[in-house]
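Survey of secondary and tertiary structure
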Amino acid sequence: PNSHPLSPSFRSTKMIAMPTKVISIDTSELQSTGMDNSKVHARDGVLRDASSRNRRMRCLFGILVVILLLVVVIIAVVLSQGRDDNDSNKHDDNDNHSKEHDDKCGSGTSCSSKVCIDGVCFSEQAAALMSLYKSTDGPNWDTGTTMNWASLNINECEWGGVTCTNKKVTKLSRGADNLNGVIPTELGLLTELTFLNLYGNKLIGPIPSTLGSLSKLVFFNMGFNELTGRIPTEFGRLTSLQRLWLYSNNLTGVVPAQITSMADLETLCVQKNNLDRIPTEICGMDLSNLWADCSLCSSGCCSVCF
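Model, not experiment: these values are computed from the prediction. (Residues numbered from 1 in each chain as written. Predicted model: local features only at pLDDT ≥ 70, side-chain atom pairs only at ≥ 80, totals over all residues. Heavy atoms only, no water.)

1. Considering the sheet that holds strand β3 (residues 162-165)
- The sheet built from 8 strands is open, its strands ordered β3-β4-β6-β8-β10-β12-β14-β15 with mixed pairing. Of all the strands in the sheet, the pair left with one neighbour each is β3 and β15 (304-305).
- Relative to strand β4 (residues 168-173), helix α2 (residues 124-135) is tilted by about 20°, and along the sheet it contacts β3 and β4. (Pairing = 2+ DSSP bridges. Helix = DSSP H or I, 4+ residues; strand = E, 2+ residues; numbered from the N terminus. Contact = heavy atoms within 4.5 Å. Axes fitted to C-alpha atoms, helices over the stretch in contact; angles between N-to-C directions.)

Written out as structure tokens, the structure reads:
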């Protein structure tokens with residue numbers, strides 16, 4: 001009886017089942033739609049975060065570029081200012097040097113503390129270099145490093161082969177340069193000189209005794225020239241000297257015993273001259289290198305003989 005369609009029991013069961021099915025379907029669809037919306041919202045959130053990060057990165061990159069440009073500009077300005085200062089200092093030095101030579105001398109006019117050369121007043125170190133240039137046929141020196149020599153408008157520290165420290169000449173190197181003539185006595189005015197190299201030229205005449213005033217000299221080379229006369233006894237005052245090279249000249253007499261005063265001397269080269277004798281005191285100096293003609297070397301005095 002309950003299965004009859006008109007039965008109250010049947011109708012009740014059917015009516016209850018149908019809504020349950022509809023409710024079930026509706027709930028499923030709502031759940032599915034909710035899940036999809038959640039995914040969309042999550043995706044949109046991710047995209048917004050990525051876009052925000054990209055904007056921040058672009059902003060930071062722009063700031064870095066601006067900072068780098070500012071740094072480059074600052075460096076360029078500093079370097080430019082440094083060059084301008086150097087050029088200005090050099091210009092001032094040359095102006096001062098030019099002023100040193102503004103004074104005229106001769107015909108009863110003196111240079112006070114300066115040295116008069118060809119009617120122009122020079123500082124002592126400029127005069128020493130000018131004297132070397134004039135006495136050794138400067139215009140015919142070989143190399144292009146003769147630049148600026150004898151120029152009244154350029155500081156002597158910028159002449160070729162000249163090195164200065166605190167505006168004082170400390171090094172003079174004109175080796176194998178066709179210097180032809182005598183060594184001027186004025187070279188002894190370079191009292192701050194530590195390095196003197198004039199080897200391999202055509203220097204003639206005696207070695208000036210005034211070179212004994214170069215008390216700071218460490219290196220002295222006048223080998224391979226045509227120097228004559230004796231080795232100055234004044235060389236004994238070169239107490240800082242470490243290397244003395246006088247080989248291949250026409251020097252005569254006895255090697256001066258005053259050389260023993262050179263406490264720092266390591267090398268003495270006097271071979272191929274016309275020397276008479278090497279004093280035993282020099283043999284006792286225990287030099288690292290003593291080179292001389294074999295006729296001058298007795299009892300194993302020389303480390304090398306020729």
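2. Re the pairing of strand β11 (residues 250-254)
- With 2 bridges joining them, strand β9 (residues 226-229) and β11 adopt parallel strand pairing. From the neighbouring strand, G229 faces β11, where its bridge partner is L251.
- Of the pairings in the sheet, the one linking β11 to strand β13 (residues 274-277) comprises 3 bridges and is parallel in character. Bridging from a neighbouring strand, G253 pairs with L275 of β13.

3. Examining the confidence of the model for the protein chain
- Residues of the protein chain with pLDDT of at least 70 account for 74%, and the chain-wide mean is 81.
- This model gives residues 10-25 a pLDDT under 50, and the stretch forms 7 contacts once residues within four places in sequence are excluded. (pLDDT = per-residue confidence, 0-100.)

4. What to know about the nonpolar core
- With 54 residues, the main nonpolar core has L172, F220, F235 and L244 as its most contacted residues.
- For this core, the elements supplying multiple residues, two or more each, are β2 (120-122), α2, β4 and β14 (289-292).
- Per element, the largest residue contribution to this core is 7 residues, and it comes from α2.
- Ignoring anything within four residues of it in the chain, the contact list for F235 reads I207, L211, F220, L244, L246 and M262. (Core = buried A, V, L, I, M, F, W, Y, C linked by side-chain atoms within 4.5 Å. Buried < 20%, exposed > 50% of the residue type's maximum accessible area, 1.4 Å probe, protein only.)

5. Concerning the pattern of salt bridges
- Evaluation of the coordinates by the stated rule reveals 3 salt bridges.
- One salt bridge in this structure joins D177 and R174, with 2.4 Å as the shortest N-O distance.
- In this structure D177 comes out as buried when scored by relative accessible area, which is 2%.
- Between E192 and K216 there is a salt bridge, with the nearest N and O atoms lying 2.7 Å from each other. Remark: K216 occurs in the loop between β7 (202-205) and β8 (219-221) and E192 occurs in the loop between β5 (180-182) and β6 (195-197); sequence separation between them is 24 residues.
- What makes E192 partly exposed here is its relative accessible area of 28%. (Salt bridge = Lys/Arg side-chain N within 4 Å of Asp/Glu carboxyl O.)

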